[in-house]
Amino acid sequence: SEANTDDDSCDYPAVEPDNIFFSEYGEGSSYNKYLEIYNASDEAVDLSGYQRVNCSNGCTEWEYYTDFAEGASVAAGDVYVVCDSGVGDDFPSLECDESGALYFNGDDAQGIFHTASGTTIDLIGEIGDDPGSGWEVAGVSNGTKDHSIIRKSSVTSGNSDWVLSAGTSADDSEWVVQDQNTWAFIGSHPHDFASVCDDDTACNFGEE
């Protein structure tokens, strides 16, 4: 619907973004890179209204806008996983909903962009100066480089303020930092990290 204003132009009702956000990010070895997006709303989300955005080695604005695959959607309470098409044989590629070239390293910011409102609704890293090798996450230096990071179950929506999202410690961060090539959590969200094995000598270290 539309409403006439005093100058005979039209005002259209604001289109609010759905409650989707990054639930996992992996900057793995070689081409083992992926982004996982969680739908925290109570209805399926058509991803044609969104784009993945990123910039390389620092930037003043988003440099690349990438559409999701044609027909892409994510069910309520489910995840949508975008993987690099070159992932290795040991990567859980059955969890990939879409594959393509993911050009990012630890110092390349990532975002989810809602096209109708022109807003970035979630971030990993931030627009600005190149951070060096990567951004600190939960007090872990270069947490976005050579790590997997998983959103805590307490997080219920995206955050466009990366400083608040990354936090300064394991307690105040929205993320749990895992070793590189930790893929045990891909394909679902949320996770109960209280039940994750923290014995680094165990065969299921880092898994639920």
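Source: prediction; values computed, not measured.

## Looking at the sheet that holds strand S11 (residues 110–114)
No. 1: Strand order in the open sheet formed by four strands is S7-S6-S11-S12, with antiparallel pairing between adjacent strands. Every other strand in the sheet has two partners, leaving strand S7 (64–67) and strand S12 (119–124) as the edge strands with one partner each. Across the sheet, the mean angle from the axis of one strand to that of its neighbour is 30°, orientation sign disregarded.
No. 2: Where strand S6 (residues 50–54) meets S11, five bridges bridge the pair, whose relative direction is antiparallel. Paired with Tyr 50 across the strands is His 114, a residue of S11.

## Re the pattern of salt bridges
No. 1: A complete count under the given rule lists four salt bridges for this structure.
No. 2: In this structure, Asp 146 engages Lys 145 in a salt bridge whose closest nitrogen and oxygen atoms are separated by 3.8 Å.
No. 3: Judged by its relative accessible area of 32%, Asp 146 falls in the partly exposed class.
No. 4: For Lys 145, a relative accessible area of 30% translates into the label partly exposed.
No. 5: Here Arg 151 ties to Glu 174 by a salt bridge, and the two come within 2.8 Å at their closest N and O atoms. Of this pair, Arg 151 sits in strand S13 (residues 147–151) while Glu 174 sits in the loop between helix H1 (162–166) and strand S14 (175–179), placing them 23 residues apart in sequence.

## Digging into the sheet that holds strand S4 (residues 33–39)
The strands making up a sheet are joined through hydrogen bonds of the backbone, oriented either antiparallel or parallel.
No. 1: Reading across the sheet, the six strands line up as S10-S9-S4-S3-S13-S14 and stay open at both edges, with mixed pairing between neighbours. The open sheet has two edge strands with one neighbour each: strand S10 (98–100) and S14. For this sheet, the mean inter-axis angle between neighbouring strands, taken without regard to orientation, is 20°.
No. 2: The pairing of strand S3 (residues 20–27) with S13 spans three bridges and is antiparallel. Along S13, the bridge assignment pairs Tyr 25 with Ile 149.

The rules behind the values
Here the residue numbering is sequential within each chain, running from 1 through the sequence in written order. Side-chain atom pairs in this predicted model are given and counted only at pLDDT of 80 or more, local residue features only at pLDDT of at least 70, and totals for whole chains, interfaces and linings cover all residues. Hydrogens and water molecules were not included; the side-chain quantities draw on all heavy atoms of the structure. Only strands joined by at least two bridges in the DSSP assignment are considered to pair. Put simply, DSSP H or I for four residues or longer makes a helix, DSSP E for two residues or longer makes a strand, and each gets a number counted from the N terminus. Orientation is described by axes fitted as lines to C-alpha atoms, over the contacting stretch for helices, and by angles from 0 to 180 degrees between their N-to-C directions. Between Lys or Arg on one side and Asp or Glu on the other, a salt bridge is scored when a side-chain nitrogen of the former is within 4 Å of a carboxyl oxygen of the latter. Using a 1.4 Å probe on the protein chains alone, a residue whose accessible area is under 20% of its type maximum counts as buried, one over 50% counts as exposed, and one in between counts as partly exposed.

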